[in-house]
Amino acid sequence: MTTNIYTAKNKQDNNMDIVKKINELKKERNAVILAHCYQPGDIQDIGDYVGDSLGLCIQAAETNADRIIFCGVRFMAESAKLLNPAKMVLLPDKYAGCPMADMINAEDLRNMKKEHPGSVVVCYVNTTAEVKAESDICCTSSNAIKVIESIPKDKKIIFVPDKHLGQYVMDKSGREMILWPGFCPTHQRITTQNIIEKKEQYPQAKVLVHPEASKPVRDMADFIGSTGQIVDYCRDSETRSFIIATENGIIHQLRKLNNGKTFKMASDISICPNMKKITLQKVLNALENDEHQIHLDNELIEKALIPIDKMMALN
Ligand code: SF4
């Protein structure tokens with residue numbers, strides 16, 4: 001027991017040293033740290049901005065910093081590079097990818113377009129730059145309905161890659177869409193049984209669900225929204241307790257911002273291993289050694305930026 005306390009104290013001191021160095025180097029190198037709400041708590045705590053994909057895109061586009069340290073997964077860092085190509089964008093762990101983004105590649109999408117000529121292609125931001133380059137307009141979970149409603153009614157729509165978000169948008173907008181059968185393995189782990197059990201324990205709690213969750217889970221929600229919208233909902237709500245059905249990193253933000261309110265995750269296993277790859281030491285390495293830079297060629301940047309710019313213009 002004594003050893004454990006000693007080890008924990010050493011780790012805490014070590015982390016404090018790393019955070020101090022990060023803050024010093026950040027100033028020296030004119031860097032900004034952008035952190036997604038699904039990051040580990042200690043990474044969120046060093047973020048200059050913590051938010052969802054849309055919020056992070058906006059910050060990346062507007063920053064004056066020379067370096068963007070992106071604490072998230074690869075497609076997010078790529079989006080930052082697309083939006084601000086003159087900046088050095090660093091992903092502290094080069095293996096932090098997104099399994100859902102990897103469920104479709106540019107060739108898959110080209111084939112889909114051939115099968116449905118004349119369709120408007122909407123890509124979720126959780127896609128590679130190559131897939132974005134084949135798309136007409138991008139969306140995030142915050143603005144997907146708005147994006148779909150901006151498309152003329154006589155147009156067929158292809159939506160990639162998340163079938164759950166796609167189905168949610170179809171239900172909300174009343175628009176038919178051709179869906180790619182991708183999904184987020186982390187949100188897929190959340191079940192209706194999880195919600196039933198948590199509701200039995202916390203009957204007064206509101207159930208908040210991310211649209212990447214499956215339809216049966218969404219059907220049990222009091223509110224469906226992106227991570228940013230869930231954070232705002234909890235802040236503004238009179239309710240004191242919440243069951244949260246999304247990736248578990250969000251709990252850190254929710255507890256930090258809402259003293260006296262209770263938050264329970266719907267599932268104990270809705271944890272994205274890729275989002276947890278970033279550590280304080282890796283952020284420090286990124287700042288010290290300019291690792292790992294996101295490189296995209298100019299032609300790709302030009303093409304992939306078009307759908308992102310169209311989305312940003314709608315906001
Ligand atoms: S939570 Fe899901 S969508 Fe987000 S990065 Fe992880 S696998 Fe991808």
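As the structure is a prediction and not an experimental result, all values here were calculated from the model. (Residues numbered from 1 in each chain as written. Predicted model: local features only at pLDDT ≥ 70, side-chain atom pairs only at ≥ 80, totals over all residues. Heavy atoms only, no water.)

Caption draft 1: Expanded view of the environment of Tyr 233. With respect to the element layout, Tyr 233 can be found in helix H12 (residues 227-236). Between the C-alpha atom of Tyr 233 and that of Thr 191, which follows or precedes it by 42 residues, the distance is 22 Å. Those residues within four positions of Tyr 233 in sequence are excluded, and the remaining contacts are Lys 206, Leu 208, Phe 223 and Phe 242. (Helix = DSSP H or I, 4+ residues; strand = E, 2+ residues; numbered from the N terminus. Contact = heavy atoms within 4.5 Å.)

Caption draft 2: Structural context of unusual backbone geometry. Val 160 connects to Pro 161 through a cis peptide bond whose omega is -10 degrees. Cis peptide bonds are those with omega within 30 degrees of zero, and the linkage from Glu 291 to His 292 qualifies with -20 degrees. Here His 292 lies in the loop between helix H14 (280-289) and helix H15 (298-314). Unlike most non-glycine residues, Asn 30 shows phi in positive territory, near 50 degrees. Of the residues examined, Asn 30 reaches a relative accessible area of 35% and is grouped as partly exposed. Even without being a glycine, Asp 290 presents a positive backbone phi close to 55 degrees. (Buried < 20%, exposed > 50% of the residue type's maximum accessible area, 1.4 Å probe, protein only.)

Caption draft 3: Focus on the nonpolar core. Residues Ile 22, Ile 69, Phe 70, Val 122, Val 160 and Val 283 are the most contacted members of the largest nonpolar core, which totals 81 residues. The element best represented in this core is H15, accounting for seven residues. Among the domains, domain 1 (2-96 + 278-289) and domain 2 (101-185) are the pair contributing at least three residues each to this core. Those residues within four positions of Val 122 in sequence are excluded, and the remaining contacts are Ile 137, Cys 139, Val 147, Ile 148, Ile 151, Ile 157, Ile 158, Phe 159 and Val 160. (Core = buried A, V, L, I, M, F, W, Y, C linked by side-chain atoms within 4.5 Å. Domains from an automatic or database assignment.)

Caption draft 4: Here's a closer look at helix H8 (residues 163-173). Of the residues making up H8, those classed as buried are His 164, Leu 165, Gly 166, Tyr 168, Val 169, Met 170 and Ser 173. Looking at where H8 begins, the residue whose side-chain oxygen comes 3.0 Å from the main-chain nitrogen of His 164 is Asp 162. A positive backbone phi angle near 75 degrees is found at Gly 174, which sits one or two residues after H8. (Polar contact = N/O pair within 3.5 Å; in protein donor to acceptor, adjacent residues only side chain to side chain.)

Caption draft 5: How the structure looks around the packing of aromatic side chains. For the coordinates displayed, the defined rule picks out two aromatic pairs. Judged by centre distance (4.4 Å) and plane angle (25 degrees), the ring pair of Phe 223 and Tyr 233 falls under stacked. Here Tyr 233 lies in helix H12 and Phe 223 lies in strand E10 (residues 223-224), a separation of ten residues in the sequence. With a relative accessible area of 23%, Tyr 233 lands in the partly exposed category. (Phe/Tyr/Trp six-rings, centres within 6.5 Å; stacked < 30°, edge-to-face > 60°.)

Caption draft 6: Representation of the pattern of salt bridges in the model. The full count for this structure, using the stated rule, is 14 salt bridges. Linking Asp 171 and Lys 215 is a salt bridge whose minimum nitrogen-to-oxygen distance equals 3.3 Å. With Asp 171 in helix H8 and Lys 215 in helix H11 (residues 215-218), this residue pair connects regions lying 44 residues apart in the sequence. The exposure class of Asp 171 is partly exposed, given its relative accessible area of 43%. Here Lys 215 falls in the partly exposed class, since its relative accessible area comes to 36%. With its nearest N and O atoms 3.5 Å apart, the salt bridge here joins Arg 235 to Asp 232. Placement of the pair is Arg 235 and Asp 232 together in helix H12, with a separation of three residues, close to one helical turn. Classification of Asp 232 by relative accessible area gives partly exposed; the value is 33%. (Salt bridge = Lys/Arg side-chain N within 4 Å of Asp/Glu carboxyl O.)

Caption draft 7: Examining the site of the ligand more closely. Val 73, Cys 98, Pro 99, Met 100, Asn 126, Cys 184, Glu 212, Cys 272 and Met 275 make up every residue found near the ligand. Residues belonging to the shell around the ligand are distributed by class as follows: seven nonpolar, one polar and one charged. (Near = heavy atom within 4 Å. Nonpolar A, V, L, I, M, F, W, Y, C, P; charged D, E, K, R; others polar.)

Caption draft 8: A look at the sheet that holds strand E3 (residues 67-71). Pairing in this open sheet of four strands is parallel, and the strands run E2-E1-E3-E4 from one edge to the other. At either end of the open sheet lies a strand with only one pairing partner, and these are strand E2 (49-51) and strand E4 (88-90). Along the sheet, successive strands turn relative to each other by an average axial angle of 20 degrees, direction set aside. Pairing of E3 with E4 involves three bridges; the strand directions are parallel. Bridge pairing links Ile 69 to Leu 90 in E4. On top of the sheet, helix H3 (residues 53-62) reaches strand E1 (31-36), E2 and E3; it is set at about 170 degrees to E1, its chief contact. (Pairing = 2+ DSSP bridges. Axes fitted to C-alpha atoms, helices over the stretch in contact; angles between N-to-C directions.)

Caption draft 9: Focus on the domain arrangement of the chain. By domain assignment, the chain separates into domain 1 (2-96 + 278-289), domain 2 (101-185) and domain 3 (190-265). Once you take the C-alpha centre of each, domain 1 and domain 3 turn out to be 26 Å apart. With nine residues of domain 1 in contact, the opposing surface of domain 3 contributes twelve residues. Carbon and sulfur atoms supply 51% of the area that domain 1 and domain 3 bury against each other, a total of about 800 Å² over both sides. (Buried area = accessible area lost by both parts, 1.4 Å probe.)

Caption draft 10: Inspection of the sheet that holds strand E11 (residues 241-245) at higher detail. Strand order in the open sheet formed by four strands is E10-E9-E11-E12, and the pairing between neighbours is parallel. A strand with exactly one partner marks an edge of an open sheet, and here the two such strands are E10 and strand E12 (262-265). Across the sheet, H12 lies against strand E9 (206-209), E10, E11 and E12, angled at about 160 degrees from E9, the strand it touches most.

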